[in-house]
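The primary structure of each chain is shown beneath.
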Amino acid sequence: MKNKLKVLQLLGLARRAGKLTTGDENVLKKVRTQKTYFVFVASDCSEATLKKYTDKCQSYHITMNSSFTQVELSNAIGIQRKIVSVDDSGFSRKFTLLLE
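On a predicted model such as this, the values are computed, not experimentally measured, just so you know. (Residues numbered from 1 in each chain as written. Predicted model: local features only at pLDDT ≥ 70, side-chain atom pairs only at ≥ 80, totals over all residues. Heavy atoms only, no water.)

### Overview of the environment of Val-71
Part 1 of the argument: Considering the arrangement of structural elements, one finds Val-71 in helix α4 (residues 70-77).
Part 2 of the argument: For Val-71, a relative accessible area of 53% puts it in the exposed group.
Part 3 of the argument: A sequence separation of 50 residues divides Val-71 from Thr-21, and the C-alpha atoms of the two residues are 17 Å apart. (Helix = DSSP H or I, 4+ residues; strand = E, 2+ residues; numbered from the N terminus. Buried < 20%, exposed > 50% of the residue type's maximum accessible area, 1.4 Å probe, protein only.)

What follows is the structure in structure tokens.
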């Protein structure tokens, strides 16, 4: 999938631009306060974590994607993480377009 590589590269760019929040508690806080636009959850995280973020993102109308593994997300942003949120509307729109 050609767009998969573009998404991961864009995720790295968003990290360098300071537009990402990482980690379970930090991302959950951003979702609850609606200060994020897009959430990536690793496909190989636990069922409970996946369900928690699926439910939270649906209730707060935030786009969520779980098509990347923890290794792919971690390599893209340079830190080992399972959950990443994008805090910029421009990056979020581009992710949405690439993942359609």
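### Comments concerning the pairing of strand β4 (residues 83-86)
Part 1 of the argument: Neither face of β4 is left uncovered, since the one carrying Ile-83 and Ser-85 and the one carrying Val-84 and Val-86 both have all their residues buried.
Part 2 of the argument: The pairing of strand β1 (residues 20-22) with β4 spans three bridges and is classified as antiparallel. Note on β4: the bridge partner recorded for Thr-21 is Ser-85. (Pairing = 2+ DSSP bridges.)

### Overview of the sheet that holds strand β3 (residues 63-65)
Part 1 of the argument: With respect to topology, four strands assemble into an open sheet ordered β1-β4-β2-β3, the strand pairing being mixed. Both edges of this open sheet fall to β1 and β3, since each of them pairs with a single strand only. Sheet twist, expressed as the mean angle between neighbouring strand axes with direction ignored, is 20°.
Part 2 of the argument: In the sheet, strand β2 (residues 38-41) pairs with β3 via three bridges, with the strands oriented parallel. Within the sheet, the bridge partner assigned to Phe-38 lies in β3 and is Thr-63.
Part 3 of the argument: Its contacts with the sheet place helix α1 (residues 2-16) against β1, β2 and β4, and it is angled at close to 95° to β1. (Axes fitted to C-alpha atoms, helices over the stretch in contact; angles between N-to-C directions. Contact = heavy atoms within 4.5 Å.)

### Observations regarding the pairing of β2
Part 1 of the argument: In β2, alternate side chains face the same way, and those of Phe-38 and Phe-40 on one face and Val-39 and Val-41 on the other are all buried.
Part 2 of the argument: Handedness of the β-α-β unit built from β2, helix α3 (residues 47-59) and β3 comes out right-handed. (Right-handed = clockwise from strand over helix to strand, strands pointing away.)

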